[in-house]
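Residue strings, one per chain:
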There are 4 protein chains.
Amino acid sequence: MCSRTNPRSSRTGRPRSTEADAAILEATREALVELGWSKLTMGDVAGRAGVAKTTLYRRWANKSELVVDAVAVLFDELELPDLGSLRADVEHVVLQFAALLERPETKTALMAVVAESTRDEPLRRRIRASIVDRQKRLVLEGRMRAQRRGELPADRDLPAVGATDDLIFDVIAGAVVHRALVSAEPVDGPWVARLSALLVGGLGAAATAGTPNA
Amino acid sequence: MCSRTNPRSSRTGRPRSTEADAAILEATREALVELGWSKLTMGDVAGRAGVAKTTLYRRWANKSELVVDAVAVLFDELELPDLGSLRADVEHVVLQFAALLERPETKTALMAVVAESTRDEPLRRRIRASIVDRQKRLVLEGRMRAQRRGELPADRDLPAVGATDDLIFDVIAGAVVHRALVSAEPVDGPWVARLSALLVGGLGAAATAGTPNA
Amino acid sequence: MCSRTNPRSSRTGRPRSTEADAAILEATREALVELGWSKLTMGDVAGRAGVAKTTLYRRWANKSELVVDAVAVLFDELELPDLGSLRADVEHVVLQFAALLERPETKTALMAVVAESTRDEPLRRRIRASIVDRQKRLVLEGRMRAQRRGELPADRDLPAVGATDDLIFDVIAGAVVHRALVSAEPVDGPWVARLSALLVGGLGAAATAGTPNA
Amino acid sequence: MCSRTNPRSSRTGRPRSTEADAAILEATREALVELGWSKLTMGDVAGRAGVAKTTLYRRWANKSELVVDAVAVLFDELELPDLGSLRADVEHVVLQFAALLERPETKTALMAVVAESTRDEPLRRRIRASIVDRQKRLVLEGRMRAQRRGELPADRDLPAVGATDDLIFDVIAGAVVHRALVSAEPVDGPWVARLSALLVGGLGAAATAGTPNA
DNA sequence: CCCTAAGCGAGACGGTACGTCCGGTCTTACT
DNA sequence: AGTAAGACCGGACGTACCGTCTCGCTTAGGG
């Protein structure tokens, strides 16, 4: 989670405090809630965590990387219970994702680090590894479940993420983010229903038309 | 475009320089290209524009509002020529939007101001007015054209933006933004084809299923 | 009083408002009382005087010159009534000068413009002409009066300011200024009595010892 | 000398750099010489000292306090060698003080901080402690020496500064300052001779007249 | 009675310094 | 070697003033 420069952490000297790690990440989330991304400062986080600024910089290279780590864990809460149909599964995951984006920590932090990452390749990689790629499992799981149910044709290598999975992921996540943050309108039941209908309908149409996925 | 507090600008005193307005916005775009959002500074922009810092602050309350105005004009370049089919029109607008997001000015700026707007209501309004709402005309135009062609059922009040228009807008814009900035993968021909197929298929499915949404 | 660049003020055009002149100087004194030298601003003075900043700069080149003019008039209030003896006259003028220096306008302004004048030759000349030289009449008058009384030998060209006059002037004014502003202790009766005794005694000693003045 | 808020400087953390202290004060004097009081800026001083602006503000609250500290040390150079007579001693100290006031650092700075101190009680205290009170030792020393020689009656408590000492101090310092800065005329041999004669004569007259002042 | 040159209020302008804040590094002494 | 404390450099912030300018308007006196 934190950025150990050397892979096999050196054997000698005082070991790093794991309590500090947790306190810092918690303090970061707290500061995000109270202050938002742009007014969050490293000094403030250190103060809240009862830790010296040095201790932050020993673990994270800069503010962006710290915030990515602090927020990433929240994305692991997403789950995909089997609700019996593809459409129900889609609605559920959209609502979960929307609820996550309504939390002030994520709302203020996510787009900020993404914006930052357009000029910071290491940060981009960290975001992919810590947040983006991990969520694709939800799409993969949902798709395979639908294939097992027969809602989608089962002609693809099952356990790997395909191009359509990527597309669905970008559409779902992108639509929710855009609705919530850019359009700044509520991601509520009716909207989610319409989005899910569009997606399931589109997937179904593609399936019947022959399957043009990579 | 810039923030004149006084609607009918006061008759007295030296009038504001419109040349300065233009020079500042141009300098802002230039600085965004060279430096990106987070390294762009008001002082630097003032320097490039050959203008005093105070002149910037007399017009814009902060960096975010300035950047919104500087970038907004780029979104007006989007057009929607009639390519003969709904799918072709969708592909075209997606590609245009993707090209816009590939420009370094917009890539670095758009998500940054959106992130900032989560804590800044006036900024949010400015983004909506200057960028978001203006682009919805493309969706409206495309939908009405498809209805005229008979590709979509014509059962809605034509000139107003409806709930499905909003949905389509969020899906297209959100998917492109997410693909380009979050997933950080190319918005290329195949991906656009798949997205367009999904959307057109979904809209068609909804139409045949007879869902008369508002 | 105010700085007309060309001596014979041009015949044509709208004449300068003499009311503005007075209002500005009064406003300057008022601002000096309330704010002191360093926090007095030209804009504030203009506002108090109900006048545009341009009108100030048309008359005075800068803040220092304005303040010199505003304060100079106060020094004209000093008088030298004949109290019957050199010592009484000296005590009286010292007390008057001390009272003048206790006024907040002069206290804060005098040393400030003097300090400024160490790097500003025109200002130095203006101070001399407007403030310093005018007060020497008091010394001259007092000395001539004492000579008429026979308290001092009458062997000098009467109406001109001599070297000893200059010395006495610097000693009196300097001692009072130093006591009031630098030592920051009260210029009260006992102190004035001691100073006057010292001066009159010194002058007397010089007179009896032969008169070694220029 | 510099403003440590904490009397016993805290044991923890990185200690303040004493080299920075010295460099800043030296840079301040240098800037005073080159620019004078009113054009000296904190940023410029920081630059000359090779130090960040924050380092200045960590030590001094404002420009005035910094300049007082920078200039105070110069006043410690004054000495009072025994020249054999009260009058010679007086002449010597006056010349020394005049030479000090001719230095551009002091000429421009002294009256400026005094002017500032009329509205700034802490600054006034600092000036008294750092500059004024320290110089009174010269008057005290000179007076006691004259008493030992028998030039002045020895009827006062020897080691303490009395009211006449204060008077003499204000007269000497004030006269020199006024001559040099306000009248803006040279403090040369003849003038110093006249001033010394006046003072010694006045003190003698007071002594013979039997004025046992406090 | 208009013409013209200057004064005037208002307020934007370029410039410069302010004093504060933060990022990220460093130097202490202690653990 | 990690840690808390806090000083350090660098640099941007947003504000305040300075002294200048550019407007449109006013106010005389001279033709």
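Note that the coordinates shown come from a computational prediction; the quantities given were computed from them, not determined experimentally.

What counts and what doesn't
Residues numbered from 1 in each chain as written. Chains lettered and ligands numbered in written order. Predicted model: local features only at pLDDT ≥ 70, side-chain atom pairs only at ≥ 80, totals over all residues. Heavy atoms only, no water. Contact = heavy atoms within 4.5 Å. Buried area = accessible area lost by both parts, 1.4 Å probe. Salt bridge = Lys/Arg side-chain N within 4 Å of Asp/Glu carboxyl O. Polar contact = N/O pair within 3.5 Å; in protein donor to acceptor, adjacent residues only side chain to side chain. Helix = DSSP H or I, 4+ residues; strand = E, 2+ residues; numbered from the N terminus. Nonpolar A, V, L, I, M, F, W, Y, C, P; charged D, E, K, R; others polar. Near = heavy atom within 4 Å. Axes fitted to C-alpha atoms, helices over the stretch in contact; angles between N-to-C directions. Parallel < 35°, antiparallel > 145°, perpendicular 65-115°, else oblique. Left-handed = near helix turned anticlockwise from the far one by under 90°. Buried < 20%, exposed > 50% of the residue type's maximum accessible area, 1.4 Å probe, protein only.

### Re the interface of chain A and chain B
Taken together, the contact pairs 49 residues of chain A with 49 residues of chain B. Interface area, chain A with chain B, both sides summed: about 3,900 Å², of which 63% is carbon and sulfur. If you sort the residues of chain A by the area they bury against chain B, A:Arg119, A:Asp170 and A:Leu198 come out on top, with a joint share of 16%. At the boundary of chain A with chain B, the tally comes to four salt bridges. Inspection of the region where chain A meets chain B yields 14 residue pairs in polar contact (both at pLDDT 80 or more). Elements with a minimum of two residues in the side of chain A that touches chain B: α1 (18–35), α6 (104–117), α7 (121–149), α8 (163–182) and α9 (189–208) of chain A. Among the elements that make up the side of chain A that touches chain B, the one with the highest residue count is α8(A) (15 residues). Taken together, the residues of the side of chain A that touches chain B break down into 26 nonpolar, 11 polar and 12 charged.

### Section: the protein's contact with DNA strand F
The environment of DNA strand F is made up of 42 residues, and the closest members are A:Arg14, A:Thr55, A:Arg58, B:Tyr57 and D:Thr55. Per the 4 Å cut-off to the protein, sugar and phosphate atoms form 63% of the nearby atoms of DNA strand F. Between a base oxygen of DNA strand F and a side-chain N or O atom of C:Lys53, the distance comes to 2.9 Å.

### Some words on the protein's contact with DNA strand E
Residues in close proximity to DNA strand E total 42 residues, the closest being B:Thr55, B:Arg58, C:Ser17, C:Thr55 and D:Tyr57. Residue B:Thr12 places a side-chain N or O atom 3.3 Å away from a sugar or linking oxygen belonging to DNA strand E. B:Ser17 is positioned with one of its backbone polar atoms (N or O) 3.0 Å from a phosphate oxygen of DNA strand E. If you list the elements that add at least two residues to the surface near DNA strand E, you get α2 (42–49) and α3 (53–59) of chain A, α3 (53–59) of chain B, α3 (53–59) of chain C together with α2 (42–49) and α3 (53–59) of chain D. Counted by class, the surface near DNA strand E contains 10 nonpolar, 19 polar and 13 charged residues.

### Digging into the packing of helix α7 (residues 121–149) of chain D against helix α8 (residues 163–182) of chain D
Helix-helix packing is described using two parameters, namely the angle between the two axes and the distance between the axes. Residue and element names in this part refer to chain D. Relative orientation of the contacting elements α7 and α8 amounts to 110 degrees, with a least axis distance of 9 Å. In terms of axis orientation, α7 runs roughly perpendicular to α8. Seen along the crossing, α7 lies across α8 with a hand that is right-handed. Facing α7, whose interface residues are Val132, Gln135, Lys136, Val139, Leu140 and Arg143, α8 presents Asp165, Asp166, Ile168 and Phe169. Classifying every residue of the contact of α7 with α8 by side-chain character gives five nonpolar, one polar and four charged.

### What about the pattern of salt bridges?
Considering all chains together, one arrives at 100 salt bridges over all chains under this definition. In this structure, B:Asp69 engages B:Arg126 in a salt bridge whose closest nitrogen and oxygen atoms are separated by 3.0 Å. Of this pair, B:Asp69 sits in helix α4 (residues 63–75) while B:Arg126 sits in helix α7 (residues 121–149), placing them 57 residues apart in sequence. Here B:Asp69 falls in the buried class, since its relative accessible area comes to 2%. With a shortest N-O distance of 2.7 Å, B:Glu151 and B:Arg149 are connected by a salt bridge. By relative accessible area, B:Glu151 is classed as partly exposed at 34%. Here the salt bridges share partners, and the residues they tie into one network are A:Asp82, A:Asp89, A:Glu141, A:Arg145, A:Arg149 and A:Glu151.

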